[in-house]
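Each chain, written out:
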Amino acid sequence: MNLIQRIDHRAAATPEAIAHVSGDSILTYGQLRQNSDAVASYLTQHLGEDGRPIAVLGHREPEMLIAFLGAVKSGRPYVPIDTALPQTRIDQIVESSHAALVLTPDQIRRFSANPSRVLTSVVGKNDPFYILFTSGSTGEPKGVVVTLACLEHFIGWMLTEQQFSKCGEVFLNQAPFSFDLSVMDLYCSLTTGSTLFSVTRDLIENPKNLYRSLATSGVTTWISTPSFAQMCLVEDKFADAMLPCVRRFLFCGETLAPQTATQLLARFPQAQVWNMYGPTEATVATTSIHIDAEILEKYSPLPVGRVMPDAKILIMDENGTQRSENERGEIIIVGPNVSPGYLGRPDLTARAFFECGGWRAYKTGDLGRIRDQLLFFEGRLDEQIKLSGYRIEPGDVEANLRALPFVRDAAVVPVIKNGAPQSLTAFVSLVARNESADFKLAHNLRNQLGERLPAYMLPRKFVFLDALPMTANGKVDRTALAKSL
Amino acid sequence: MIAEEFADKVLRLLASVGETDEVLTNLDLPLYDYQVLDSMRTVQLILMIEEQFGIKISAAEFERERWRTPRAVIADLEQRVRL
């Protein structure tokens, strides 16, 4: 059975079981199957079988799941786009993905209603299953292609390692569907006939409602970024009395601080804490480790773990020579979980992907080392940073700043606190400036930039300079800028 | 601690969490509208207030309305101290 058949199989066995809870909306497995079949047949009928992607634009609505499965059941990958993104960014993604159609929850509801049956052919093993867009250093998002085989390899590993109980789990969905951490909760949940519990944007903005909703969620497997858990931990009541069923916390997407793990283990004595690591280009996560008292005692910073079966981690120097144990180098991932590359960008693909012993390999740009057979993540080779788990290329923010009227030049630098990036500061030189105060000016620039970039990419602080400092070889002197913070 | 000193300390905390000195002079600045505060920063501020003043605020009972502006933050905290 492939992954799609597995989900349909769950629907046939327990059609009344709840697949998704999001705010007041509830979706059963029966509805998910029936409606995704209807969407698939609509797509095949109206668009044929050209395999072009379907962009799905929404937030956490149950229709998102229907459209994802509807697309792949019609032999098309889907491109999830969160409505939190500004229109310019949405347009860029739709255009560069060559999407055949942009589906919204309203349309999906309508297409689900008329189950006109035509035979559809689902995506094949090596066909794209989803395409996720991430920040690209030149100011344009790039689409990472993930095949059904990549996804099956990843989910197969998760199911074996975690031994989720069949039909009995409730998975927390904190990450937006446009961020690949959500792939972990979504498909672990659907393939085990479990319930996906989405935390909507309104909840995250209103802590009072967030905690109330968590208390009623029945979550058994918590999947989030470490920052989200850290935020929740500020409330003392965030403990096993609030979430009595939680048995594991799975973290991925950014560095897990030992203090966060320690606090969680104290508050949730019945739960396990796991740390995981992997870029979108290698399908969500490639390494994992169970963080227990012994690991916490032994390591700080924490390791990101051991590699999944059939994949390999190599640590290489800049000449492509393998480094020995405990030597730092670039983390290379080799295996069946590695993406075929960036959509429509053979140039970018050739730079980051290569063949290695018959497998696809990806140069992560991450620095790390292997010690005691465990992988340790130690930062980036380039400027890329993670903020609350979101991957950001400062070059992306800079290019979009320079595109604004009155901006002559811009450099974007992360603000580091306790070794982790907290926010971005933009250093901007303007063509001409008016009399308004810096704060007003910054606010206006931020708003203009907000029409081009998602909120999580917006600099927190703007510093106005007559000219940006340069190094001897004519580049912006980022070190000097970072020091001035 | 006299009221003025207290207000000043609160504003400095706010300026440090929100990374802007604007809050020191503009007491009616809409903090959430101007993204001086967001969810993450609200909890950071809750933590810092506990550390500095020993005022315990439950994140689970917190509402944004109460911290709409720097003036509102000061008033809210003064009330909590008195209680």
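Residues numbered from 1 in each chain as written. Chains lettered and ligands numbered in written order. Predicted model: local features only at pLDDT ≥ 70, side-chain atom pairs only at ≥ 80, totals over all residues.

Participant: Please give an account of the overall build of chain B that cites residues and values.
Facilitator: Each helix and strand counted, chain B has four helices and zero strands in total. In sequence order, chain B lays out its α and β elements as α-α-α-α. Against the compact-globule benchmark of 12 Å for 83 residues, chain B has a radius of gyration of 11 Å, which places it among compact chains. Taken along the three principal axes of its C-alpha coordinates, chain B extends 30 × 30 × 20 Å. Within chain B, buried positions represent 34% of all 83 residues. A sequence separation of at least 24 residues applies to 57% of the contacts in chain B between residues at least 6 apart. (Helix = DSSP H or I, 4+ residues; strand = E, 2+ residues; numbered from the N terminus. Rg over C-alpha atoms; globule rule 2.2 N^0.38 Å. Buried ≥ 20, exposed ≤ 12 C-beta atoms within 10 Å, placed from the backbone. Contact = placed C-beta atoms within 7 Å.)

Participant: Before we move on, could you go through the overall build of chain A and cite the residues and values that matter?
Facilitator: Within chain A one finds 16 helices and 25 strands. Along the first, second and third principal axes, the C-alpha atoms of chain A reach 65 × 55 × 55 Å. Taking all 485 residues of chain A together, 50% fall into the buried category. Counted over contacts in chain A with a minimum sequence separation of 6, partners at least 24 positions apart contribute 68%.

Participant: Describe the interface of chain B and chain A, naming the residues involved and giving the relevant values.
Facilitator: In this assembly, 15 residues from chain B lie in contact with 14 residues from chain A. Broken down by class, the residue content of the side of chain B that touches chain A amounts to eight nonpolar, three polar and four charged. (Nonpolar A, V, L, I, M, F, W, Y, C, P; charged D, E, K, R; others polar.)

Participant: Hey, could you go over the sheet that holds strand 23 (residues 407-417) of chain A for me, with residue numbers and the actual values?
Facilitator: All names here are of chain A. With mixed pairing, the three strands of this open sheet are ordered in space as 23-24-25. Only two strands of the sheet have a single neighbouring strand rather than two, namely strand 23 and strand 25 (461-464). Strand after strand, the sheet turns through a mean of 25 degrees between neighbouring axes, direction not considered. Looking at chain direction, strand 24 (residues 420-430) and strand 25 are connected through four bridges and run parallel. Residue pairing across strands places Thr425 opposite Lys461, the latter belonging to strand 25. Lying on the sheet, helix 14 (residues 394-402) is in contact with strand 23 and strand 24; it crosses strand 23 at an angle near 150 degrees. (Pairing = 2+ DSSP bridges. Axes fitted to C-alpha atoms, helices over the stretch in contact; angles between N-to-C directions.)

Participant: Can you explain helix 1 (residues 3-13) of chain A? Please cite residues and give values.
Facilitator: Residues and elements named next belong to chain A. Of all the residues in helix 1, the buried ones are Leu3, Ile4, Ile7, Asp8, Arg10 and Ala11. The arc enclosing the buried residues of helix 1, seen along the axis, measures out at 150 degrees, which places them on a common side. Exposed and facing more than 90 degrees away from the buried side of helix 1 are Gln5, Ala12 and Ala13. Packing partners of the buried residues in helix 1 comprise helix 2 (29-47), helix 3 (62-73), helix 6 (148-162) and helix 7 (181-191). (Arc of directions from axis to C-beta.)

Participant: Give a description of the confidence of the model for chain B that names residues and reports values.
Facilitator: Summary statistics for chain B give a mean pLDDT of 90 and a share of 98% for residues scoring 70 or more. What the predictor reports for the complex is a pTM of 0.93 with an ipTM of 0.83. (pLDDT = per-residue confidence, 0-100.)

Participant: Before we move on, can you summarise the pairing of strand 23 of chain A with the specific residues and values?
Facilitator: The pairing of strand 23 of chain A with strand 24 of chain A spans ten bridges and is antiparallel. Its bridge partner lying in strand 24 of chain A, Val407(A) is registered against Leu430(A).

Participant: So what's going on with the nonpolar core? Residues and values would help.
Facilitator: The tendency in soluble globular proteins is for nonpolar side chains to be buried as a group. Residue and element names in this part refer to chain A. Counting residues in each nonpolar core, the largest one holds 163 residues, and the members touching the most others are Val56, Ala67 and Met184. In terms of residue count, helix 3 provides more of this core than any other element does, eight residues in total. The residues that make up this core include at least three from each of domain 1 (3-306) and domain 2 (393-483). Dropping the residues within four chain positions of it, Val56 is found in contact with Met64, Ala67, Phe68, Tyr78, Val79, Pro80, Ile81 and Leu103. (Core = buried A, V, L, I, M, F, W, Y, C linked by C-beta atoms within 7 Å. Domains from an automatic or database assignment.)

Participant: Describe the environment of Ala55(A), naming the residues involved and giving the relevant values.
Facilitator: Residue and element names in this part refer to chain A. For Ala55, the location among the structural elements is in strand 3 (residues 54-58). Placed 36 residues apart in sequence, Ala55 and Ala19 show a C-alpha to C-alpha distance of 22 Å. Residues contacting Ala55, with those up to four places away along its chain left out, are Val79, Ile81, Val94, Ser97, Ala99, Val102 and Leu103.

Participant: Please give an account of the pairing of strand 24 of chain A that cites residues and values.
Facilitator: Hairpin geometry of strand 23 of chain A and strand 24 of chain A is characterised by an intervening segment of two residues between the two adjacent antiparallel strands and by a positive phi of about 50 degrees at Asn418(A). Viewed along the sheet, the connection from strand 24 of chain A through helix 15 (residues 438-450) of chain A into strand 25 of chain A turns out right-handed. (Right-handed = clockwise from strand over helix to strand, strands pointing away.)

Participant: Would you mind going over the packing of helix 6 of chain A against helix 7 of chain A in detail, with residue names and values included?
Facilitator: Residue and element names in this part refer to chain A. Contact geometry for helix 6 and helix 7: axes closest at 10 Å, N-to-C directions at 70 degrees. What the angle tells us is that helix 6 and helix 7 run roughly perpendicular. As helix 6 packs across helix 7, the resulting crossing turns out to be right-handed. From helix 6, Leu151, Ile155, Met158 and Leu159 reach across to helix 7, where they touch Met184, Tyr187, Cys188 and Thr191. Per-class residue counts for the contact of helix 6 with helix 7 are seven nonpolar, one polar and no charged. (Parallel < 35°, antiparallel > 145°, perpendicular 65-115°, else oblique. Left-handed = near helix turned anticlockwise from the far one by under 90°.)

Participant: Please set out helix 15 of chain A residue by residue, giving values where relevant.
Facilitator: All names here are of chain A. With 13 residues, helix 15 extends 18 Å from end C-alpha to end C-alpha; this agrees with the ideal 18 Å at 1.5 Å per step. Taken together, the buried positions of helix 15 are occupied by Ala442, Leu445 and Leu449. For helix 15, the buried positions fall inside an angular range of 65 degrees around the axis, keeping them on one side. Exposed side of helix 15, more than 90 degrees from the buried face: Lys440 and Asn447 are the residues found there. Against helix 14, strand 24 and strand 25 lie the buried residues of helix 15. (Expected span 1.5 Å × (residues − 1).)

Participant: Requested: an account of the domain arrangement of chain A, with residues and values cited.
Facilitator: Interface size is commonly expressed as the accessible surface area that is lost when the partners come together. Residues and elements named next belong to chain A. Assigned domains within chain A: domain 1 (3-306) and domain 2 (393-483). Of note, the centres of domain 1 and domain 2, computed from C-alpha atoms alone, are 33 Å apart. With eleven residues of domain 1 at the interface, the matching set in domain 2 holds 13 residues. Each residue belonging to the side of domain 1 that touches domain 2 can be placed in one class, and the counts come to three nonpolar, seven polar and one charged.

Participant: Quick one: what's the story with unusual backbone geometry, residue by residue and with numbers?
Facilitator: Residue and element names in this part refer to chain A. In this structure, the amide linkage connecting Ser300 to the following residue, Pro301, adopts the cis form with an omega of 0 degrees. The residue Pro301 is located in the loop between helix 12 (293-298) and strand 14 (306-307) in this model. Despite not being glycine, Phe406 has its phi angle at roughly 75 degrees, a positive value. Among the secondary structure elements, Phe406 is positioned in the loop between helix 14 and strand 23.

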